[in-house]
Amino acid sequence: VRHGVTGGGKRLRPILCVSAWRAATVRGVPGGSERATPDAVYDLSASLEMIHAYSLMHDDLPCMDDAELRRGRPTTHRVHGEAVTMRAGAVLIPAAALQALAACRALGCAEADGRAAARALLEGSGAGGMVGGQWLDLRGEGRALGPDDLDDLHRRKTGALLTASLVVGAVAAGATDRVRDGLTAYGRAIGLAFQIADDILDATASAEALGKNPSDAELDKSTYVSLHGLADAAARARAEVDGARGALARAGIASPPLEALARYVVERDR
Ligand code: GRG
């Protein structure tokens, strides 16, 4: 568990969760929070990283992507073996839900809001979200997917947990429906932009820069690059970023960090 959870990574999902909590808490106040962020918000955000970490540990197993390298280090099963990695990943799923519930309680959220945050976390992780997307991804290996199928796959596999990160933060902050819906629309857009950038990096960056071995071509996966070409994929990613920023504006959310994160998901180099 320690190897999978504390081994680095960009921590994007917790950052989104904390940023959403702040954006929902300071509704309309530009430039950030006037209220200090309680430690329990960071504890809450850790629940997203726990799910993400388990998904990477299992994704790297030989029965899935069979990867040797992650975050510049040997993958968990290469260090601790497959059986230990299976168990360590599995234990993180209920632990993440309990972590979210405990953090919401520490924040003084209403019981219903705590349950709604845990439900958002689990729905984003489950069959309608990340696990369903992974299943579509595995089923798609060696098959040519169409544009709509590719969007559907990645909205689930990558986008659902990124969106859940924002919703969990918003629900815990007691956000209005308007703010919550705006953050959901923002999450859906940056989720796709993030995945398109991932496909571009997989096609163009070195293993050294990425901290993992590019694998899409080797696994014969349909990607935004294989389907649309590099230039059109990059244009689509930029359009999604514009859409994300528009969603914030329409919901009246003034959040410089969320604006910056939307740009970051496509400008990042790993
Ligand atoms: C049993 C079908 C089945 C699934 C189990 C393994 C799994 C659940 C899901 C895998 C989901 C997965 C690997 C999604 C990929 C998401 C993604 C783009 C990961 C890379 O995220 P970054 O770049 O990684 O945020 P860092 O290292 O920065 O944290």
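Shown above is the structure to which this text applies.
Report on the accompanying structure.

Rules used throughout
Residues numbered from 1 in each chain as written. Predicted model: local features only at pLDDT ≥ 70, side-chain atom pairs only at ≥ 80, totals over all residues. Heavy atoms only, no water. Helix = DSSP H or I, 4+ residues; strand = E, 2+ residues; numbered from the N terminus. Near = heavy atom within 4 Å. Polar contact = N/O pair within 3.5 Å; in protein donor to acceptor, adjacent residues only side chain to side chain. Nonpolar A, V, L, I, M, F, W, Y, C, P; charged D, E, K, R; others polar. 1 Å grid on protein atoms, 1.4 Å probe; cavity = no way out; pocket = protein on both sides within 12 Å on 5 of 7 lines; lining within 4 Å. Points joined across faces, edges and corners; volume = space filled by probe spheres on them. Axes fitted to C-alpha atoms, helices over the stretch in contact; angles between N-to-C directions. Parallel < 35°, antiparallel > 145°, perpendicular 65-115°, else oblique. Left-handed = near helix turned anticlockwise from the far one by under 90°. Contact = heavy atoms within 4.5 Å. Salt bridge = Lys/Arg side-chain N within 4 Å of Asp/Glu carboxyl O. Buried < 20%, exposed > 50% of the residue type's maximum accessible area, 1.4 Å probe, protein only.

1. A look at unusual backbone geometry
Even without being a glycine, arginine 11 presents a positive backbone phi close to 60°. Among the structural elements, arginine 11 can be located in the loop between α1 (2–5) and α2 (12–25). The residue arginine 71 is not glycine, and still its phi comes out positive at about 50°. The topology assignment puts arginine 71 in the loop between β1 (69–70) and β2 (73–74).

2. Comments concerning the site of the ligand
Near the ligand you find 20 residues, and of these Lys10, Arg13, His52, Asp59 and Arg71 are the closest. Contact between the ligand and arginine 13: an oxygen atom at 2.8 Å from a side-chain N or O atom of the residue. With respect to the ligand, the side chain of arginine 71 contributes an N or O atom lying 2.7 Å from an oxygen atom. Looking at the shell around the ligand, the elements that each hand over two or more residues are α3 (39–59), α7 (130–140), α8 (147–172) and α9 (177–204). A total of six residues in the shell around the ligand trace back to one element, the largest contributor, which is α3. Each residue belonging to the shell around the ligand can be placed in one class, and the counts come to seven nonpolar, seven polar and six charged.

3. Considering the layout of surface pockets
The space that makes up the second largest pocket amounts to roughly 340 Å³. Taken together, 19 residues make up the lining of the second largest pocket; nearest its centre are Gly124, Ala160, Thr163, Ala164 and Thr184. Of all the elements in the fold, those that place two or more residues in the lining of the second largest pocket are α6 (111–125), α8 and α9. It is α8 that provides the largest number of residues to the lining of the second largest pocket, a total of seven residues. Of the residues belonging to the lining of the second largest pocket, the class tally is six nonpolar, seven polar and six charged.

4. Considering the packing of α3 against α8
Two numbers describe how α3 lies on α8: the axes approach to 10 Å, and their chain directions differ by 160°. If you check the angle between α3 and α8, you find them roughly antiparallel. Relative to α8, α3 is oriented so that their crossing is right-handed. Within the contact between the two elements, α3 uses Leu44, Leu48, Ile51 and His52 and α8 uses Leu161, Ala164, Ser165, Val168 and Ala172. Among the residues making up the contact of α3 with α8, the classes are represented as seven nonpolar, two polar and no charged.

5. What about empty space enclosed by the protein?
With the rule as written, the count across this model stands at three cavities of 30 Å³ or more. For the largest cavity, the full set of lining residues is His3, Gly4, Ala53, Leu56, Met57, Asp60, Arg70, Arg71, Arg73, Pro74, Thr75 and Thr76. When residues of the lining of the largest cavity are traced back to their parent elements, those giving at least two are α1, α3 and β2. Considering each element in turn, the lining of the largest cavity owes the most residues, three residues, to α3. Looking at side-chain class alone, the lining of the largest cavity contains four nonpolar, four polar and four charged residues. Taken together, Leu101, Cys104, Arg105, Cys109, Ala110, Glu111, Gly114 and Arg115 make up the full set of residues lining the second largest cavity. Those elements that provide at least two residues to the lining of the second largest cavity are α5 (82–107) and α6. Per-class residue counts for the lining of the second largest cavity are four nonpolar, one polar and three charged.

6. Description of the pattern of salt bridges
Tallied over the entire structure, the rule returns 14 salt bridges. Here arginine 78 ties to glutamate 68 by a salt bridge, and the two come within 4.0 Å at their closest N and O atoms. Within this pair, whereas arginine 78 is found in helix α4 (residues 76–80), its partner glutamate 68 is found in the loop between α3 and β1, the two being separated by ten residues in sequence. Classification of arginine 78 as partly exposed rests on a relative accessible area of 47%. Accessibility expressed as a relative area gives 45% for glutamate 68, which makes it partly exposed. We note a salt bridge from aspartate 151 to arginine 236, for which the minimum N-O separation is 3.1 Å. With aspartate 151 in helix α8 and arginine 236 in helix α12 (residues 230–250), this residue pair connects regions lying 85 residues apart in the sequence. Take arginine 236: its relative accessible area is 25%, and that puts it in the partly exposed class.

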